[in-house]
Amino acid sequence: MSDKFLPGEPPIPLILRRSARARRISLRISQLDGRVTLTLPKRVPEREALAFAGEKEGWIRKHLAARGEDVTVGIGSVLPIGGMMHEVVRGQGRQIGFEDGRVAVPGAPERAGRRLVGHLKTLARARLAEASDHYAARLGRPYSAIKLRDTRSRWGSCTSEGNLMYSWRLILAPPPVLDYVVAHEVAHLAEMNHSPAFWDQVTRIYGDYKEQRRWLRKQGGDLHRYRFDG
């Protein structure tokens, strides 16, 4: 892998990867983190890949603009929580509080992002456990454990042992979307596949899920734009 840049304002970092299976140059923009990756066959010179990226510059910039920039969360920033936009403001006392579209974070301002993400993970665990209990009861199958991760490739998973894993960032999404993901993973306790029988289980315990699935496909990637390490 090598890192290059597409010139312009601003310059765009490019990740070049060689693949023995590649037959032509291909370009991919990650909707999760905005990385632009060029994959090229082993014997194709780098200059050809860079020229290819240059030809696609307009397309690349259009898609990056549609994705939006990453947001480092801190005092004064705005982010979704439960699908509603909240402004991060300085709080008093010891507890993080929510009121009128604001989330008040006490303590040192430079630690606001880190403190808020810890609170959001606590909220996510409680909310996801509650939803898992609800849908497991409706399914009639118990689960074994719940784990939270900050996964980029999936919103949740279910193992054959009955362990459920969720992205804590689901707490940022609208509640019906979180519920759909939980129902989806819980349904795997009965059907470890995506067969028609599986989707029948999802519909039985959740209802019509198409709108929530569509939201994840179109807007779910935006939840990864928020960084809490500032």
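Residues numbered from 1 in each chain as written. Predicted model: local features only at pLDDT ≥ 70, side-chain atom pairs only at ≥ 80, totals over all residues. Heavy atoms only, no water.

1. As for the overall build of the protein
- In terms of helices and strands, the protein carries six helices and 13 strands.
- Every one of the 230 residues in the protein was classed for burial, and the buried ones make up 43%.
- Long-range pairs, those at least 24 residues apart, make up 48% of the contacts in the protein with a sequence separation of at least 6.
- For the protein, the accessible area works out to roughly 13100 Å², and carbon and sulfur atoms hold 49% of it.
- Computing the positive centroid from 39 side-chain charges and the negative centroid from 25, the protein places the two 5 Å apart. (Helix = DSSP H or I, 4+ residues; strand = E, 2+ residues; numbered from the N terminus. Buried < 20%, exposed > 50% of the residue type's maximum accessible area, 1.4 Å probe, protein only. Contact = heavy atoms within 4.5 Å. Areas by Shrake-Rupley, 256 points an atom, 1.4 Å probe, with all protein chains shown as cover. Lys, Arg positive; Asp, Glu negative; His and termini not counted. Charge placed at Lys NZ, Arg CZ, Asp CG, Glu CD.)

2. Looking at the packing of helix 3 (residues 112-139) against helix 4 (residues 175-187)
- For the pair helix 3 and helix 4, the least separation of the axes is 9 Å and the interaxial angle reads 50°. By the angle between their directions, the pair helix 3 and helix 4 is classed as oblique. Crossing of helix 3 over helix 4 shows right-handed handedness. Taken together, the residues of helix 4 that come into contact with helix 3 (itself represented by Arg127, Leu128, Ala131, Ser132, Tyr135, Ala136 and Leu139) are Pro175, Leu178, Asp179, Val182, Ala183, Val186 and Ala187. (Axes fitted to C-alpha atoms, helices over the stretch in contact; angles between N-to-C directions. Parallel < 35°, antiparallel > 145°, perpendicular 65-115°, else oblique. Left-handed = near helix turned anticlockwise from the far one by under 90°.)

3. Here we look at helix 6 (residues 210-219)
- For helix 6, every residue scored as buried is listed here: Gln212, Trp215 and Leu216. The arc that holds the buried residues of helix 6, viewed along the axis, is 95°, so those residues lie on one side. In helix 6, the exposed residues that point more than 90 degrees away from the buried face are Lys210, Glu211, Arg217 and Lys218.
- The elements touched by buried residues of helix 6 are helix 4. (Arc of directions from axis to C-beta.)

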